[in-house]
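# Structural overview
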Amino acid sequence: MYDDKINPLVECGLGAAGDPIGFNGAFSFSLETCTTVGYGLPNSTNGFFEQSCTSLQAIIYFQMVWSMMFNAFLFSFFFSRLSRSQERSVQVFFSNKAIIERKNGKWVIHIRVYDLDSSLPLVEAHARMYCVSWNEYAKQKSEDLQPQLLQTMRILHPNDELDSSLFPSLPSTITHHIDAYSPLTPSYFRKEANVLHGHGLVLREADNFTEGRAAMSCPVCGDSYGSYKGLKRHIEYNKKQEDTFGDDLPVEGTHRDVNIISPKKSGRQLTVDDIMNNLSDKEIIVVLEAIEPTLSGSFQALQSYKKDDIVFGGTFAPCMAKGNGNIFVDLKKFHQINRPSEVSERNYTPIGRFEDKCKLATPLD
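## A few points about the overall build of the chain
Of regular secondary structure, the chain possesses 10 helices and 15 strands. The buried share of the chain, taken over its 365 residues, is 36%. Considering only contacts within the chain whose residues lie at least 6 apart along the sequence, 59% involve residues at least 24 apart. Carbon and sulfur atoms make up 56% of the accessible area of the chain, which amounts to about 22100 Å² in all.

Here it is, written out as structure tokens:
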């Protein structure tokens, strides 16, 4: 209709000859364009418009471009609304309580997680842990440091060097080692321990124990080792070699020099009181990130634990059983914590004070 007003003498085949184009004719032409019905060949017996109508061809072109963009927008809009997978996070269960226990002389914290919709297993599920410390944040501001509220917590199981991947369709446990690098360890204890300076990296002692990372080096030959024990064996072995074949070598500066390494600091052991006092201002955040398999949308499920949400000692109650080729999960036992044995209690505090420290007079439901 706009083109007809500009070029009223040009006949485009959208109405009677000599008459202006009406709304019905223009709307029918637009509808035929969007539905791609077709117009026939120009100048033919079934031709719909003439080649001389160049402006009409331009209008058809821009209308088709607009139509395709509009269709793409509608499709992407409805797909994005339908593929929002954040609601799937409500089906991910975290244990009500976190457990801190001393295992093989090392303090660890456990959290249990389970995906209720196990019939559609999550894809690429992995976990992360963070620690929020407001006291540390205030200290950073007072010392004119870059403020960083969240502190990363390395995950021992599932191993964060393997992306902390887990299969939450079955109840799984996430474990963090409270070592000298952990934000749950008091800073004064960290200064007393024999730890390697991270220089901004988040380290963990488990890598030292397994010789996965060098923590100290020999001052004589430069060989590096993951633990003090490995360095000591190296020096003792080379000392025997030098005693046998190096009589003409000076003692000072060789492996026979008793002063080449400082004696290992014994350091005091981390106690329940140390950890509990350090937890007063802290909040532990656990993040489970995965891909929902139906629409391939990613989502995150979060859970936080404060001091009152943590118990010392005990184990999560077994909540799985099998029968008729199926695995069953008892949700009534998912949050339940079994109290530790009498031998295990001695790792935390005298038995007479166990109820006060662990708050586990009865198993938790």
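## A short note on the environment of Pro-183
As for its position among the elements, Pro-183 is in the loop between strand 6 (172–177) and helix 5 (187–192). Residue classification places Pro-183 among the buried residues on the basis of a relative accessible area of 8%. Apart from residues no more than four positions distant in its own chain, Pro-183 is found in contact with Cys-131, Gln-151, Thr-152, Met-153, Arg-190, Asn-278 and Lys-282.

## Here we look at the packing of aromatic side chains
The description of two aromatic rings rests on the distance between their centres and on the angle between their planes. A full pass over the atoms with the stated rule returns seven aromatic pairs. Measuring from centroid to centroid gives 5.5 Å for Phe-77 and Phe-78, while their planes differ by 75°, and the two rings are edge-to-face. Ring geometry for Trp-107 versus Phe-312: centroids 6.4 Å apart, planes at 80°, classification edge-to-face. Within this pair, whereas Trp-107 is found in strand 3 (residues 106–115), its partner Phe-312 is found in strand 11 (residues 310–312), the two being separated by 205 residues in sequence. Trp-107 gets classed as buried once you look at its relative accessible area, which sits at 5%. With a relative accessible area of 3%, Phe-312 lands in the buried category.

## Description of a nonpolar patch on the surface
Taken together, Trp-66, Phe-70, Phe-73, Leu-74, Phe-77 and Phe-78 make up a surface patch of nonpolar side chains, about 650 Å² in accessible area. When its relative accessible area of 39% is taken as the criterion, Phe-70 is described as partly exposed.

## A closer look at the sheet that holds strand 5 (residues 150–153)
Reading across the sheet, the four strands line up as 5-4-9-10 and stay open at both edges, with antiparallel pairing between neighbours. Single-partner strands in this sheet number two, and they are strand 5 and strand 10 (297–305). Direction aside, neighbouring strands of the sheet carry axes that sit 30° apart on average. Pairing of strand 9 (residues 282–292) with strand 10, which is carried by nine bridges, proceeds in the antiparallel orientation. Pairing of Val-286 across the sheet is with Gln-303, part of strand 10. Along the sheet, helix 4 (residues 134–142) makes contact with strand 4 (123–133) and strand 5, crossing strand 4 at roughly 65°.

## Quick notes on empty space enclosed by the protein
Any empty space left between the atoms is revealed when a probe the size of a water molecule rolls over them. Across all of its chains, the model carries two cavities of 30 Å³ or more by this definition. Lining the largest cavity are 15 residues; nearest its centre among them are Arg-154, His-176, His-177, Asp-179 and Arg-204. Of all elements in the fold, only strand 5 and strand 6 reach the threshold of two or more residues within the lining of the largest cavity.

## Some remarks on the nonpolar core
Among the nonpolar cores identified, the biggest contains 34 residues, and Phe-94, Ile-100 and Ile-284 are the most heavily contacted of them. Every element with two or more residues in this core is listed here: strand 1 (92–94), strand 2 (98–103), strand 3, strand 4, helix 8 (272–278), strand 9, strand 10 and strand 11.

## Here's the deal with the state of the cysteines
A full pass over the atoms with the stated rule returns zero disulfides. With no disulfide of its own, Cys-221 has Cys-218 as its nearest cysteine by sulfur position, at a separation of 3.7 Å. A relative accessible area of 40% places Cys-221 in the partly exposed class.

## Quick word on unusual backbone geometry
Where the residue is not glycine, phi is negative for most of them; where a peptide bond is considered, it is trans in most cases. That bond from His-157 to Pro-158 is cis: its omega, -5°, falls within 30 degrees of zero. Relative to the helices and strands, Pro-158 resides in the loop between strand 5 and strand 6. Even without being glycine, Asn-104 reaches a positive phi, approximately 55°. Note on placement: Asn-104 falls in the loop between strand 2 and strand 3.

## Remarks on the pairing of strand 6
Taken across its six residues, strand 6 has five buried, putting it largely inside the fold. Relative to strand 6, strand 3 runs antiparallel, the two sharing six bridges. By the bridge assignment, Val-108 is partnered in strand 6 with His-177.

## Details of the pattern of salt bridges
Overall, the coordinates contain eight salt bridges when judged by the stated rule. What you see here is one network of salt bridges that share partners, running through Arg-154, Asp-160, Glu-161 and Arg-204.

What counts, and where the lines are drawn
- Residues numbered from 1 in each chain as written.
- Predicted model: local features only at pLDDT ≥ 70, side-chain atom pairs only at ≥ 80, totals over all residues.
- Heavy atoms only, no water.
- Helix = DSSP H or I, 4+ residues; strand = E, 2+ residues; numbered from the N terminus.
- Buried < 20%, exposed > 50% of the residue type's maximum accessible area, 1.4 Å probe, protein only.
- Contact = heavy atoms within 4.5 Å.
- Areas by Shrake-Rupley, 256 points an atom, 1.4 Å probe, with all protein chains shown as cover.
- Phe/Tyr/Trp six-rings, centres within 6.5 Å; stacked < 30°, edge-to-face > 60°.
- Patch = residues over 30% accessible without salt bridge, like charges linked within 9 Å, V, L, I, M, F, W, Y side chains within 5 Å.
- Salt bridge = Lys/Arg side-chain N within 4 Å of Asp/Glu carboxyl O.
- Pairing = 2+ DSSP bridges.
- Axes fitted to C-alpha atoms, helices over the stretch in contact; angles between N-to-C directions.
- 1 Å grid on protein atoms, 1.4 Å probe; cavity = no way out; pocket = protein on both sides within 12 Å on 5 of 7 lines; lining within 4 Å.
- Points joined across faces, edges and corners; volume = space filled by probe spheres on them.
- Core = buried A, V, L, I, M, F, W, Y, C linked by side-chain atoms within 4.5 Å.
- Disulfide = S-S within 2.5 Å.

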